[in-house]
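# Chain and residue survey
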Amino acid sequence: MLKTRIITALFLAPIAIGGIFFLPPLGFALFTGAIISLGAWEWANMASIERQPGRVAYAMAIAVLIYLVWLFAVPAVPLLWLAVFWWLVCFWLVRRYPAGSGAWGAVPLRALMGVFVLVPAWIGLDHIRNGDVQFGDVTNNLMVIAYIFFVVWVADIGAYFAGRAFGKAKLAPRVSPGKSWAGVWGGLAAVALLAVVASVLATASAGETMLLIVASLLTGFVSVLGDLLESMLKRFRGIKDSSQLLPGHGGIMDRVDSLTAAIPVFALMITLLGWLSAGHG
């Protein structure tokens, strides 16, 4: 299994890096839209749409929604606010599980959940890719995207080590028994350190540094929620992975669940802070 995971990672890493960091804006939009659509195909499975025609139709519907947002240049900020509200709802759903699952367990409602998760993730990415960035000396919007990835990865790594060392109080045992509150705090501490390092490298002011720490902590926390939401849906559905698209890694959603929550939240915060302009692409 380890060998399979390594081979898959070595094969996919250049594709992901090239698609995100070396394509022009239109190519970036198409590449990320394709990834989100594949994630939608997996989400359909988590929503108990078992037959392939239904799963493909759901993925196509998500792709069409993304295309319409792009075609009509729908302003990103209101939709990002909607995403933030959605993740607040998710916090409530995850905390109550399995109580309340009867209210959202129907197939159409779980399918609708995917719309609120997947479409804002693409909107956030496109908003950042096409915007003008100014944080300290940093003006490269691709650096912002890279930073979000690092926030999620650092939060995950910090949570792993802190959880192993101190993880007695479970975070959401009925959703993801392996996660602990110690892991959350350890991950957030690592994220705060990352924000300080990033601010120093960007020669940001003290005020900018403090604001980046706060924004990064909120992003790190909501990234945990993205992971928990997918875990809750898979547990409700009775499956271990969202798919087997990535040998040794499960599915795309298993790899990007935290990012789908982190991206729209961080994109909105840095827009409100004045570090990112409205997208123009």
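Counting of residues starts from 1 at the beginning of each chain's written sequence and follows it residue by residue. Residue-level local features of this predicted model are given only where pLDDT is at least 70; pairs of side-chain atoms are given and counted only at 80 or more, and the full residue set underlies all totals for whole chains, interfaces and linings. Water and hydrogen atoms play no part in the side-chain values, which are based on all heavy atoms of the structure.

### Examining unusual backbone geometry
The general pattern is negative phi for most residues beyond glycine and trans for most peptide bonds. A cis amide bond links Tyr97 to the next residue, Pro98, at an omega of 10°. Position of Pro98 among the secondary structure elements: in the loop between helix H4 (76-96) and helix H5 (101-104). Here Ser48, not a glycine, exhibits a phi torsion of approximately 70°, which is positive. Along the polypeptide, Ser48 turns up in the loop between helix H2 (25-46) and helix H3 (52-71). Here Ser48 falls in the partly exposed class, since its relative accessible area comes to 24%. Here a strand is any run of E in DSSP of at least two residues, a helix any run of H or I of at least four, and the numbering for each starts at the N terminus. Partly exposed residues are those whose accessible area sits between 20% and 50% of the maximum for their type, while under 20% is buried and over 50% is exposed, using a 1.4 Å probe and protein chains only.

### Overview of the pattern of salt bridges
Whenever a carboxyl oxygen of Asp or Glu lies within 4 Å of a side-chain nitrogen of Lys or Arg, that contact is scored as a salt bridge. Enumeration according to the criterion identifies four salt bridges in this entry. Here Asp227 and Lys179 are joined by a salt bridge, their closest N and O atoms 3.3 Å apart. Residue Asp227 is located in helix H9 (residues 206-237), and its partner Lys179 is located in strand E2 (residues 176-180); the two are separated by 48 residues in the primary sequence. Among the residues examined, Asp227 registers a relative accessible area of 15% and is labelled buried. Here Lys179 falls in the partly exposed class, since its relative accessible area comes to 24%. Across the salt bridge formed by Lys234 and Asp254, the nearest N and O atoms sit 2.8 Å from each other. Separated by 20 residues along the polypeptide, Lys234 in helix H9 and Asp254 in helix H10 (residues 252-272) bring together distant segments of the chain. Exposure class is identical for Lys234 and Asp254. Each is buried. Among the charged side chains, a salt-bridge network with shared partners connects Glu230, Lys234 and Asp254.

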